[in-house]
Amino acid sequence: MLTYYESKLRTLGYKMRLEIIKEIYHHKELCVSDLQRTFHISQSKLSYHLKQLFDAGFILRCERGTWCYYQVNDEEIKRIISPSLYEEIIKRQ
């Protein structure tokens, strides 16, 4: 059981991933190219972070044609960290 939480917390332990969650949260839904314009990192590096967040259940993926759109899975994040900490992450500038 501890390994489960260690893995989830490790996923959230990267500033870039928290920034990705925040960006998606504020736009409700974004695709990789939208996120690339915001973060100015390679598509492969961004896709890696998105995969880690998706595998941990922190974001949801919706495929429409050849595009994948991502949404934040609030419930899963709040299961791992407190709702108040989550709100602080989302509000950070």
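Along each chain, residues carry numbers from 1 onward, in the same order as the chain's sequence is written. Local features are withheld for residues below a pLDDT of 70 in this predicted model, meaning they are given only at 70 or higher, and side-chain atom pairs are given and counted only at 80 or more; totals for whole chains, interfaces and linings count all residues. The side-chain values count all of the structure's non-hydrogen atoms but skip hydrogen atoms and water molecules.

A. Molecular detail of helix 2 (residues 15-27). Compared with the 18 Å implied by 1.5 Å per residue over 13 residues, the 19 Å span of helix 2 between its first and last C-alpha is a close match. Only protein chains enter the accessibility calculation, which uses a 1.4 Å probe; a residue whose area is less than 20% of its type maximum is buried, one above 50% is exposed, and one in between is partly exposed. In this description a helix means any DSSP run of H or I spanning at least four residues, a strand means any run of E spanning at least two, and both kinds are numbered starting from the N terminus. Residues of helix 2 that are buried include every one of Arg-17, Leu-18, Ile-20, Ile-21, Lys-22, Glu-23 and Ile-24, and no others. A positive phi of about 70° marks Lys-28, the residue just after helix 2. A helix's residues, less one, multiplied by 1.5 Å, set its expected span.

B. Here's a closer look at the packing of aromatic side chains. A pair of Phe, Tyr and Trp rings is counted when the ring centres sit within 6.5 Å of each other, with Trp represented by its six-membered ring. The angle between the planes then sorts it: under 30 degrees is stacked, over 60 is edge-to-face, the rest tilted. Taken as a whole and judged by the stated rule, the model has two aromatic pairs. When the ring of Tyr-4 is compared with that of Tyr-5, the centres are 5.0 Å apart and the planes differ by 85°; the resulting orientation is edge-to-face. With 6.2 Å between their ring centres and 80° between their planes, Tyr-25 and Tyr-86 make a pair best called edge-to-face. Within this pair, whereas Tyr-25 is found in helix 2, its partner Tyr-86 is found in helix 6 (residues 83-91), the two being separated by 61 residues in sequence.

C. Region of the structure containing the side chain of Glu-23. Secondary-structure assignment places Glu-23 in helix 2. For the buried Glu-23, which has no salt bridge, the nearest side chain bearing the opposite charge is Lys-22, at an N-O separation of 6.7 Å. Whether two residues touch is decided by their heavy atoms; if any such pair falls within 4.5 Å, the residues are in contact. Sequence-distant contacts of Glu-23, defined by excluding residues within four places in its chain, comprise Leu-30, Leu-35, Thr-38 and Phe-39. Charge assignment in this entry is limited to Lys and Arg as positive and Asp and Glu as negative, and neither His nor the chain termini are counted. Just to be clear on terms, a salt bridge is a Lys or Arg side-chain nitrogen sitting within 4 Å of an Asp or Glu carboxyl oxygen.

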